[in-house]
Amino acid sequence: MVVRKGTVGRRAGVQAQADPGDLGGRRTKGDSVPASTRGPLRAFPASELVADFRLACLSRALDDREILLQKQSRVFFQISGAGHEILLLALARSLRPAYDWFFPYYRDRALVLALGVTPLDMMLQAVGSALDPASGGRQMPCHWGAVTHNIVTQSSPTGSQCLPAVGCAEAGRYIARRPGMPGCVAHGDEITYVSLGEGATSEGEFWESLNTACRLHLPTLFVVADNGYAISVRAADQSPAPVAELVRGFRGLAVTRMDGWDYASCRSKGARAVARVRAGEGPGLIHAYVTRPYSHSSADSQAKYRDAGELAQEQAHDPIDTLERQLVSEGVLSVDQAAALRAEARDLAAAAAEEALSAPRPDPATVTDNVLRLPSLPAPAPGPDPDPGPAAGDGPSEPEPVVMAEAIRLTLHELLAGDERIRVFGEDVADADDDVLDHVEGKGGVFGVTRGLQRRFGSARCYNTPLAESNIIGRGVGQALRGLRPCAEIQFFDYIWPAMQQLRSEAATIRWRSNGDFTCPLVVRVAIGGYLTGGAIWHSQSGESIFAHVPGLLIAFPSRARDAVGLLRSAFAAEDPVLFLEHKHLYRQHYAADPVPRPGWTLPFGRGTVARPGNDLTIATWGATVHKSMAAAEELGAEGCSVEVVDLRTISPWDHDMVCESVQRTGRLLVVHEDTLTAGFGAEVAAWVAEHCFWDLDAPVARVAAKDTFVGYEPSLEHAILPQVQDIVAGARALSKV
């Protein structure tokens, strides 16, 4: 994280650094409210009351300054935390920066000020400076992130932070019981804070996160700040009852309701709610009613949908004004002292803005920095393909080949044995319930790939999850943020779509949106593809091109056991999310079997292989169509056409150089893949070759792929839809005649 110099960056923003008794030469009446005071604030030290009032004023002043700058086109977007200040500062008194973990949302300005984010930090983000510590100018204002304070980099989709927060809490418990794991730190009584507005409680991920937090009894505090509106949609249009009532069916969830403009209530009720979670009594949910004195954002005008009477009534409950009246009436501050604090806040905000406006802007040449980084691996052996060498056997005989499913299973056993940070989870991945594990064979996934992991490593390291793909991936994201190496399984590629939000908006963007401060070392194993006979629409599809379009994701798609082992080892060395695609049809095909490679042998991402050399035509392919292309090449060879088959092995990145070198030799390229023709990944390969190898081509690049439809159930339908050997032969014959 960049260390900056500047008076504003040092002066304010951290409660522990504030001197709440210093009011420009004037002092407060002491460290506590006089004994004669009978008001609701009597339970709290005056120094803390004044410090919180100061930060509330500063939070509001920063909002006001950003709004002014946005109108001057010096800030490009603004979204305020106005109306939420008192709730958040009261809660912050019970929370521990750099100890607890925080998944705040965009209205939590006052909270992150209390945790240690400075006014200058906030203004640097608002103006989009390169020195913005949260994102380097990449994210909108109020998208918090601070590694030093355990404030996790924030994304924009509402509610999507809830599942990673639950995964974070889950990881904290696991880490605290296993001290000494590299890169992992946790405390036995830490909590994970996650906040959202009442509108975001309509998102399914919120409910999935509650389900898991309650089922696992996790130390998670959900804070729902209810200002009555999701932009212009009233709460009454969101749900049939307030969220505090809707969640009553979750056993073990302690629900607390409060008025967010009542400091004393928020402070005392919030302290009890936090203490309960910290003591290990299970998750809690705070439903707090707050105000929204400003419009949703600078792109909104609430006067269009809220009448003057409603806005006036809300103004009467402004939390800062309410606290000031209480402080004055109970003798903690005078009217003049309160005014001085407000003026001080405005000055601090103005100074922070001035310093931020003079800070450097990002260098456009850095836009592709921190998208992802390839795994750091031992230097590969020279030659086109490193020799895997077989694993040592028990005797002098050659080791037996194993099919791909077994090779992956053995590799998972190897990896879990060597790294306690790795945990495997998903639907049906465990062997059985612990109560019956000693009396049954064990399942280990619908394809048996995880068989024996739970039995060998325990239920904390291989376990089943709810039937909810978003839950699986979101929890994996949260665990990865804590330094674990989660391995999440999606049972069928065809059901990956509920997890798209977590894969695309959360996992893939973490490194880039935090400018490299956070990473997400998550491996997602997915069974993919057809040629099953009877798989039909939702068990036979491919679709790797959709994920290849997502920056920040590594994608592996091996075609044989040897490559699956090498790539899986590399995947767990990555610091970025990996989509590891395992073709179902190849799981038990003997033509895809290999001896298990020697320990330590890895395959780098972006390195293809020449599966069959040739001189007259190149076929570039991956997955199951590698073997169909090999069969086609054999048939074409009998006709005198020498075909080279290049197996890409990984989709993101893919081996441009190998394809280019092959095309330079053969002059012709046929791209073959199982996904649909239109916008399949073959289109990317074809376009790249046409752009970069045009003068080497003796004919247009051609493609063979699935028809632009879904895979049918009846075998003759599937055969007609997916590319077959004869389709590849026909495509190659046509291309060779051009």
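Reading the values: rules and limits
Residues numbered from 1 in each chain as written. Predicted model: local features only at pLDDT ≥ 70, side-chain atom pairs only at ≥ 80, totals over all residues. Heavy atoms only, no water. Helix = DSSP H or I, 4+ residues; strand = E, 2+ residues; numbered from the N terminus. Rg over C-alpha atoms; globule rule 2.2 N^0.38 Å. Buried < 20%, exposed > 50% of the residue type's maximum accessible area, 1.4 Å probe, protein only. Contact = heavy atoms within 4.5 Å. Lys, Arg positive; Asp, Glu negative; His and termini not counted. Charge placed at Lys NZ, Arg CZ, Asp CG, Glu CD. Axes fitted to C-alpha atoms, helices over the stretch in contact; angles between N-to-C directions. Parallel < 35°, antiparallel > 145°, perpendicular 65-115°, else oblique. Left-handed = near helix turned anticlockwise from the far one by under 90°. Nonpolar A, V, L, I, M, F, W, Y, C, P; charged D, E, K, R; others polar. Pairing = 2+ DSSP bridges. Salt bridge = Lys/Arg side-chain N within 4 Å of Asp/Glu carboxyl O. Right-handed = clockwise from strand over helix to strand, strands pointing away.

**As for the overall build of the protein chain**
- Per the secondary structure count, the protein chain includes 24 helices and 19 strands.
- For the protein chain, whose C-alpha radius of gyration is 29 Å, the value lies close to the compact-globule estimate of 27 Å for 738 residues.
- Dimensions along the principal axes, computed over C-alpha positions, put the protein chain at roughly 100 × 65 × 50 Å.
- For the protein chain, with 738 residues in total, the buried portion stands at 59%.
- Residue pairs at least 24 apart in sequence account for 80% of intrachain contacts in the protein chain once pairs closer than 6 positions are excluded.
- Between the centroid of the 71 positive side chains of the protein chain and the centroid of its 88 negative side chains there is a distance of 6 Å.

**With respect to unusual backbone geometry**
- Here the residue pair Ser652 and Pro653 is connected by a cis peptide bond, since its omega of 0 degrees sits within 30 degrees of zero.
- On the secondary structure map, Pro653 appears in the loop between β17 (650-652) and α21 (656-666).
- With a phi angle near 60 degrees, Asn150 is a residue other than glycine that sits in the positive phi range.
- Owing to a relative accessible area of 10%, Asn150 belongs among the buried residues under this scheme.
- Backbone geometry places Ala679, a non-glycine residue, at a positive phi of 65 degrees.
- Relative to the helices and strands, Ala679 is located in the loop between β18 (669-676) and α22 (681-692).

**Regarding the packing of helix α5 (residues 119-127) against helix α12 (residues 335-357)**
- At a minimum axis distance of 8 Å, the contact between α5 and α12 shows a crossing angle of 50 degrees. The angle between the axes of α5 and α12 places the two elements in the oblique class. The two elements α5 and α12 meet at a crossing, and its hand is right-handed. In this structure, α5 uses Pro119, Leu120, Met123, Leu124 and Val127 to contact α12, whose residues at the interface are Ala349, Ala352, Ala353, Glu355, Ala356 and Leu357.
- Along the lines of polarity and charge, the residues of the contact of α5 with α12 split into 10 nonpolar, no polar and 1 charged.

**Digging into the packing of helix α2 (residues 46-71) against α5**
- As a packed pair, α2 and α5 sit with axes 11 Å apart at the nearest point and diverge in direction by 25 degrees. The orientation of α2 with respect to α5, classified from their angle, is roughly parallel. Note on packing geometry: the crossing formed by α2 with α5 is right-handed. Residues Leu58, Leu62, Arg65, Glu66 and Leu69 of α2 pack against Pro119, Met122, Met123 and Ala126 of α5.
- For the contact of α2 with α5, a count of residues per class yields 7 nonpolar, no polar and 2 charged.

**Observations concerning the sheet that holds strand β3 (residues 220-226)**
- Judged by pairing direction, the sheet is parallel, and its 5 strands sit side by side in the order β1-β2-β3-β7-β6 without closing on themselves. Edge positions in the sheet fall to β1 (101-103) and β6 (254-259), since each of these pairs with one other strand and no more. Along the sheet, successive strands turn relative to each other by an average axial angle of 15 degrees, direction set aside.
- Sheet topology places strand β2 (residues 192-197) next to β3; 6 bridges connect them, and they run parallel. Paired with Tyr193 across the strands is Leu221, a residue of β3.
- Its contacts with the sheet put helix α6 (residues 162-176) on β1, β2 and β3, and the angle it makes with β2 is roughly 170 degrees.
- In the packing of helix α9 (residues 263-278) onto the sheet, contacts are made with β3, β6 and β7 (284-289), and the angle to β6 comes to roughly 165 degrees.

**Concerning the pattern of salt bridges**
- Counted according to the given criterion, the structure contains 37 salt bridges.
- Residue Arg60 is joined to Glu85 by a salt bridge in which the shortest nitrogen-to-oxygen separation is 2.7 Å. With Arg60 in helix α2 and Glu85 in helix α3 (residues 85-92), this pair connects stretches of sequence that are 25 residues apart. The burial state of Arg60 is the same as that of Glu85; both residues are buried.
- Between Asp63 and Arg109 there is a salt bridge whose closest N-O contact spans 2.9 Å. You can see Asp63 sitting in helix α2 and its partner Arg109 sitting in helix α4 (residues 109-115), a full 46 residues away along the chain.
- Look at the salt bridges and you will find they share partners, linking Arg234, Arg306, Glu310 and Glu314 into a network.

**Overview of the pairing of strand β19 (residues 702-706)**
- Taken together, the 4 bridges between β18 and β19 define a ladder with parallel strand orientation. Its bridge partner being in β19, Thr676 is matched across the sheet by Ala706.
- Running through α22, the crossover from β18 to the neighbouring parallel element β19 is right-handed.

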